[in-house]
Amino acid sequence: MFKTLVTMSLAAVLFGSVTTATMAQDAKPVKIGWAAWSDAEFVTKLAAKLIKDELGQEVELVQTDVAPLYQGVSRGDLDAMMMAWLPQTHADYFAKVKDKVETLGTVYHGAKLGWVVPKYIPEDAIGSIEDLKKADVQEKLKGRIEGIDPGAGLTRLSEKAIKDYGLDDYKLQISSEAGMLTTVDRAMRSEGWFVATSWSPHWMFGKYELRYIDDPKKSLGEAEHVDVLARKGFKQDNPKVADFLSRMKLPLPDLESAMFNAQETSYDKAVEKYITDHPDQVKAWLGKDEG
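Residues numbered from 1 in each chain as written. Predicted model: local features only at pLDDT ≥ 70, side-chain atom pairs only at ≥ 80, totals over all residues. Heavy atoms only, no water.

Under an unreviewed UniProt entry, the name given to the protein is Glycine betaine ABC transporter substrate-binding protein, and the source organism is Neorhizobium phenanthreniclasticum.

Written as structure tokens, this is what we have:
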């Protein structure tokens, strides 16, 4: 009888330890990193809300630059990131960590980098990057190309484009997304001429009338896909969240509309509206449409 009680007590202790360990694992926040790009902010905050509300797990969002994002996921300091622009924009970053991370899925296809001008600039004046070499165009643009963050893939490719097209008299104004947008907003109000580095999806196309100029040398790359990367072992440690992230896919028009809404209201409100307006998409991401 005594042996039976001891055995039962030990079993209870062991079972309790396993249960506590499992609960501790479930209670551990999912750490998702993101860089301050409008599309990344919306997609990441949308995922975070659904993981918390629908899957019952806490999420810790970590904002940093692009290079530390890749390093963080490869080292296991971050569980995931949702803004791997491939195959070209983030090629250098991905090459360094590809054996230390896992790709969970693609959030959206058809992403694009390029240089934009306002639609009020005639296409026969600036239709292509080649046209920036015209003396009158260079004068009107003041020899400037409005850029974003120094660590962005778009910045690296824009510097390459300047060399490829022989735009030696131009200066890429390295700043930030916010700085570039401030310059664009100011110029649009006075119908001033500018050329700016940009990408799709972006809410600026919902607010301003802009157009991409041609890039015949393909220096800025072609259509890309944006992937979700996770640390090694994340799928095994947290299959519920990993499966959700692998199913999460947004059509570009839906995403750009939501991003513009976020600028007009707030990211939290835009996320709530997206979830309300796209119940079938959300069900599919959560696996609720199966069986």
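Attention shifts here to the nonpolar core. Membership of the largest hydrophobic core comes to 92 residues, with the highest contact counts inside it found for F42, W115, L132, F244 and L245. For this core, the element with the most residues is strand β4 (residues 101-118), which contributes nine residues. Filtering out sequence-adjacent residues up to four positions away, F42 remains in contact with L250, L255, A258, M259, Y267, A270, V271 and Y274. (Core = buried A, V, L, I, M, F, W, Y, C linked by side-chain atoms within 4.5 Å. Buried < 20%, exposed > 50% of the residue type's maximum accessible area, 1.4 Å probe, protein only. Helix = DSSP H or I, 4+ residues; strand = E, 2+ residues; numbered from the N terminus. Contact = heavy atoms within 4.5 Å.)

Let us now look at helix α12 (residues 267-277). Among all positions of α12, only Y267, A270, V271 and Y274 are buried. The buried residues of α12 all sit within an arc of 100° when viewed along its axis, so they share a single face. Exposed and facing more than 90 degrees away from the buried side of α12 are D268, K269 and T276. The secondary structure elements touched by the buried residues of α12 are α2 (38-55), α11 (252-264) and α13 (279-286). (Arc of directions from axis to C-beta.)

Quick look at the environment of P251 now. Topologically, P251 is positioned in the loop between α10 (239-247) and α11. Judged by its relative accessible area of 38%, P251 is partly exposed. In this structure, the C-alpha to C-alpha distance between P251 and G110, residues 141 residues apart in sequence, is 9.2 Å. In this structure, P251 is in contact with Y274 and Q281, ignoring residues within four places of it in sequence.

Our focus in this paragraph is the pattern of salt bridges. Overall, the coordinates contain 15 salt bridges when judged by the stated rule. Residue K134 pairs with D131 through a salt bridge whose shortest N-O separation is 3.6 Å. Note on D131: relative accessible area 18%, which makes it buried. Among the ionic pairs, R189 bridges to D185, the shortest N-O distance being 2.8 Å. Taken together, the residues span about one helical turn, with R189 and D185 both in helix α7 (residues 177-189) at a distance of four residues. Judged by its relative accessible area of 69%, R189 is exposed. The network of salt bridges with shared partners includes D79, R231 and D237. (Salt bridge = Lys/Arg side-chain N within 4 Å of Asp/Glu carboxyl O.)

A separate point is the side chain of D79. The topology assignment puts D79 in the loop between α3 (66-75) and β3 (80-86). The class for D79 is buried, based on a relative accessible area of 9%. Within the structure, D79 has its side chain in polar contact with the backbone nitrogen of K31 (distance 2.8 Å). A polar contact of 2.6 Å, which involves the side chain of D79, links it to the side chain of R231. (Polar contact = N/O pair within 3.5 Å; in protein donor to acceptor, adjacent residues only side chain to side chain.)

Moving on, we come to unusual backbone geometry. Cis geometry marks the peptide bond from L86 to P87; its omega dihedral reads 15°. Along the polypeptide, P87 turns up in the loop between β3 and α4 (91-97). Across the junction of S200 and P201, the peptide omega takes the value 10°, indicating a cis bond. Take P201: it is sitting in the loop between β7 (196-200) and α8 (204-207). Backbone geometry places E191, a non-glycine residue, at a positive phi of 55°. For E191, a relative accessible area of 55% gives the class exposed. Even without glycine at this site, K218 takes up a positive phi of about 60°. In this fold, K218 is placed in the loop between β8 (210-212) and β9 (224-231).

Right, let's get into the packing of aromatic side chains. Enumeration according to the criterion identifies six aromatic pairs in this entry. Ring geometry for W37 against W85: centres 5.7 Å apart, planes inclined by 70°, an arrangement best described as edge-to-face. Here W85 lies in strand β3 and W37 lies in the loop between β1 (30-34) and α2, a separation of 48 residues in the sequence. For the pair shown, W37 and W85 are each scored as buried. Where F42 meets Y274, the ring centres are 5.8 Å apart and the plane angle is 65°; that geometry is what we call edge-to-face. Separated by 232 residues along the polypeptide, F42 in helix α2 and Y274 in helix α12 bring together distant segments of the chain. (Phe/Tyr/Trp six-rings, centres within 6.5 Å; stacked < 30°, edge-to-face > 60°.)

Moving on to α7. For an α-helix the count is 3.6 residues per turn, leaving residues at separations of three or four pointing the same way. Taking 1.5 Å as the rise per residue, α7 with 13 residues should run 18 Å; its terminal C-alpha atoms sit 18 Å apart, in good agreement. Burial in α7 covers these residues: E177, M180, L181, T183, V184, D185, A187 and M188. Looking at the buried positions of α7, the neighbouring elements they touch are α2, β4, β5 (144-146), β7, α8 and β8. (Expected span 1.5 Å × (residues − 1).)

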